[in-house]
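Coordinates in review
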Amino acid sequence: MKVAERKKLARDLAAVVGDKFVRGDDVTRWTYAIEDFAGTFFHPLSDKYGPPDLVVKPHFAEEVSQIAKLANKHKIPIIARGGGGDMTGAATPLKKTGGVILDMTDMNRVLDFQEGFNAVRVQPGIRWGELHHELAKKGVTSGVRGPHGFLGAALGGGIGGNCFSINCPKYGWLNENILNLQVVLPNGDIIETGSLANTRVKDWYYRYCNGPDLVGIFLGSAGAFGVITEFTMRTYPIPEFSDTLAYTFPDTDSELKFVFKLEWHGYVTDLWGIAYYTLPDSLKRIITPLVGERDIAIFATEAYDKGVFKAQKKAIDKIAKEYGGVALPLAGLTHALGISIKNETEWMGGGTFGKVMGPNGSDTCSIAHLPQWRKVVGKALEIMQENEDALSGSVPLIGAEHFFLFAQILGRGGISNTFAMTPADFSDPEKMKKAQEMYNEIVESYMDTGYAALYRIGKESQFLMKRFKPEYISFMKAIKKTLDPNNIMNPGALGLGLEEGE
Amino acid sequence: MRLEECKQEAWICNHCSMCTQAVNDESGFYRICPVYEQLRFEDSSARGHNTIAFYLLNGTLEYSGEIADCVYKCTTCAACEEVCKPMGNMLAQIGGTPLKIAIPSIMGAFGASLDPVRSVEVVETMRADCVDLGLQPEALKKVAASVELNYNPYDEPHADRLKWTQGLDIPRTADTVLFVGCNAAYRNQEIALSSAKILRGAGVEYAVLPGEWCCGSPLLRAGNVDTAEVMIRHNVELLKEKKVRRLVTACAEGYMAISRDWPKFAGALPFEVLHISQLLARLISEGKLKLKHRIDSRVTYHDPCHLGRVMGVYDEPRAVLSAIPGVKLVETYPTKHAAWCCGAGGGLRDTNPELALAIGAAKVPLIKETGATVLASSCPFCKAHFIDVLREAKEPIEVKDITELVAESMGV
């Protein structure tokens, strides 16, 4: 965008939100040219992304609406951004399109809490930690606890990026908890969904009524179809009884069967499954003397009633034994120490994982179907072993490990997350390039199994578009064209909004 | 470019957003970056600074007045680093603070590291580059010029440094030295006086040194590394020459600089370094400090960032305050490692006084919530700043250094 055009647009935007909330200086712009480094290979090494032309901070849906109208007038993209924690460029402009970033983090209020309906209405810029804090005051929880330590991540980005979360096995993913949305459409119209589509309804939140479920197309859409300005999500009473349990299993198949049964019975709140054969040698050296060459499941369980809780733990033990499970004395220990797996305190969180495999510990942000998980992971391990020389040693692990494959079994329905952590040597461009190619190869291998998917797509749709049916792509394009004929909403997200060949 | 030294920091930052704005009830954090809380754009957060460093290092950005303006808007409070400690809070939950401190040290011995991203060091290094390029804000150029000329940042004659000691007859040599620091020597002399009287009252033989120069902390925070080095080398030589075995200071800034920064320039120090709160806690536990007079007040303690988060001194000031008869010590939330900065640090009070006051003002409701009538601190900069903040807010809360409260209770 030319300087004069940028200045004109900045003036127009300032007329909407106020001077203080529009920035166009280089320093500010470049700090919005990057998101989470866990997707390192997508960002700093890529020449695909660039800084926004302007950054604007709206405070009301009406302001977002006016900004959308201005964007159509100026034919300039707008990209909504929350905590800036996406790993697939969802909230970073493409270099070739530029655009205006809508930093939504000032739209961060809790608007309404409906105790009887177990629902809370919030703005999308609210961050996970803040939401927990506010809900705790009401004695409730959001169930899903946020993306593993990224408590600074905003929920709006989680909705756009299909955020999986701590406690998903029990409560489902974030988007399974969304009831209603208020969305600013690309033409600036503000719509409400579900029960709120009836203008007489003010504070009753239900998703499946008044016609089709129009919430769905905005979930996981990375802002390609509109900007979410309010949403309602479910809340749950905080269970009084909870504990962390751990069992080891003779092999991965036994562990998976145990996990499935645990989920079917509704006993598990959150679970991390460790498959022995995927572990790096350094961890094997630690684990083997303690538990042998066995897989480990560490999980949280909870209940509202003491009697139910005791019975539940007994039932869990019985199921574990069916599959050769041996209890680890972790439960008593963690209970005594007051920690639990569902504790969001940096537990395997944002800082931890990336740093343990840092610098540039990159996560492939992929989910796999549990029964096929070994197949998915096996190929990734092969690729990493073949390319080990392209990877640097993990700094925190004394350079000992060059890659680390870790699986988190998330549920519901047997979904696992697979982390292929691959630290790269930033001082060697050749190795970085090779590591990037290897990373892409891993993701391609996941997709080729047919049993893995990228839960976030963002602007990294290249892995998927070639595997989607043409009819499916046409359908998405038709929605995009209808809603957003000027392609102002986050072009490139989901591979949409760009001219042919771009 | 000095920033080359921070290449690893720029790459290892995950950009996870915890340092920008996070709340974590379980580890006591309620929002992190005081500057981001005020300015609300990404460039005013540690993540933003690390991003700028990244783009400076890869040549996308070049140093400019805009960048200088950005990197000098930081209080160096290190809340960003505190929340960035991977597994740190988990370790603390398992084995308390000792484990949190011990594990990284043990790992360090093997060459492994679980350190946080040193975002403050990144900012200070960018500031040092700004100094080299003449981009430092004028207010801080004046500070540096004053230190070069007068060995203090206030344009005061060096000859007046110990003017406050007149009539006190404090020796000029002893095993223990009270390192007064520029602020207490020239601006908040009640802290220097209280410290001196307490030490005498407790029977501690100590000296003050007319040859004491600026500790270098304001220079290091502002990027004037070379001038700081001159100050540090002078002070270390002086203390060695005087065969000092123990250095005590009532300044949180000074304590951090002397303990942490001086050895980087002058090697291991041949004397013990104590913040006065540590010495007082020790004297109280040994029964050498008689706190006779009641101070019937509800007191809340403000953790100076550089004494608390950076140096880990949380318990001693509280132990001292709790030992004063009549004092009811109440905690502000968030507290200790997660305490909010007063706004004065990192030269912000000089370069952006309105922003510094706004940051301090943001903490006033938290202080009021405690019902305290006295806000105690152990840093002359925090004290001076809070006096201004509370005056602006028209809040009748008294601000005292812990040395003043102790001296009052001792009746000295």
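Here the residue index of a chain counts from 1 through its sequence in written order. Think of it this way: whatever chain is written first is A, whatever ligand is written first is 1, and the rest follow in order. In view of the model being predicted, local features appear only for residues whose pLDDT reaches at least 70, and side-chain atom pairs are presented and counted only at 80 or more, with totals across whole chains, interfaces and linings using the full set of residues.

Another point: the overall build of chain B. The numbering of helices and of strands both runs from the N terminus, where a helix is a DSSP run of H or I of at least 4 residues and a strand a run of E of at least 2. In terms of regular secondary structure, chain B is built from 19 helices and 10 strands. On the principal axes, the C-alpha backbone points of chain B span a range of 60 × 50 × 45 Å. Working definition of burial: number of other C-beta atoms within 10 Å of the residue's own, with buried at 20 or more, exposed at 12 or fewer, and partly exposed in between, all C-beta atoms being placed from the backbone. Residue burial in chain B is summarised as follows: out of 412 residues, 57% are buried. Each residue gets a C-beta atom placed from its backbone, and two residues are in contact if those atoms lie within 7 Å. Here the analysis covers contacts within chain B between residues at least 6 apart in sequence; of these, 79% occur between residues at least 24 apart.

Further remarks concern the packing of helix α14 (residues 276-285) of chain B against helix α15 (residues 315-323) of chain B. All names here are of chain B. Axes here mean lines fitted to C-alpha atoms, for a helix over just the part in contact, with angles spanning 0 to 180 degrees between N-to-C directions. Where α14 contacts α15, the two axes come as close as 8 Å, and the packing angle between them is 50°. Judged by the inter-axis angle, α14 sits oblique to α15. For the pair α14 and α15, the crossing hand works out as left-handed. Residues Ser277, Gln278, Leu280, Ala281 and Ile284 of α14 form the contact with α15, whose own contacting residues are Glu316, Pro317, Ala319, Val320 and Ala323. Residue classes in the contact of α14 with α15 are distributed as seven nonpolar, two polar and one charged. We call two directions roughly parallel when the angle between them is under 35 degrees, roughly antiparallel when it is over 145, roughly perpendicular when it lies between 65 and 115, and oblique otherwise. Here a crossing is called left-handed whenever its near helix is offset anticlockwise from the far helix by less than a right angle, and right-handed whenever the offset is clockwise. Under the scheme applied here, ten amino acids are nonpolar (Ala, Val, Leu, Ile, Met, Phe, Trp, Tyr, Cys and Pro), four are charged (Asp, Glu, Lys and Arg), and all others, including Gly, are polar.

Before going further, it helps to examine the domain arrangement of chain B. Residue and element names in this part refer to chain B. Each assigned domain of chain B is listed with its residue range as follows: domain 1 (2-132), domain 2 (141-284) and domain 3 (285-410). For domain 1 and domain 2, the distance between their C-alpha centres works out to 28 Å. Listed by partner, the interface residues are six residues for domain 1 and six residues for domain 2. All the domain ranges listed were derived from an automatic or database domain assignment.

Attention now moves to the confidence of the model for chain B. Confidence of the predictor at the level of single residues is captured by pLDDT, which takes values from 0 to 100. Per-residue confidence for chain B averages 94 on the pLDDT scale, and 94% of its residues sit at or above 70. Across the predicted assembly, pTM comes out at 0.93 and ipTM at 0.93.

Turning our eyes to something else, we now look at the environment of Glu286 of chain B. Considering the arrangement of structural elements, one finds Glu286 of chain B in the loop between α14 and β7 (297-301). Each C-alpha atom of the pair Glu286 of chain B and Thr125 of chain B lies 43 Å from the other, and the pair is 161 residues apart in sequence.

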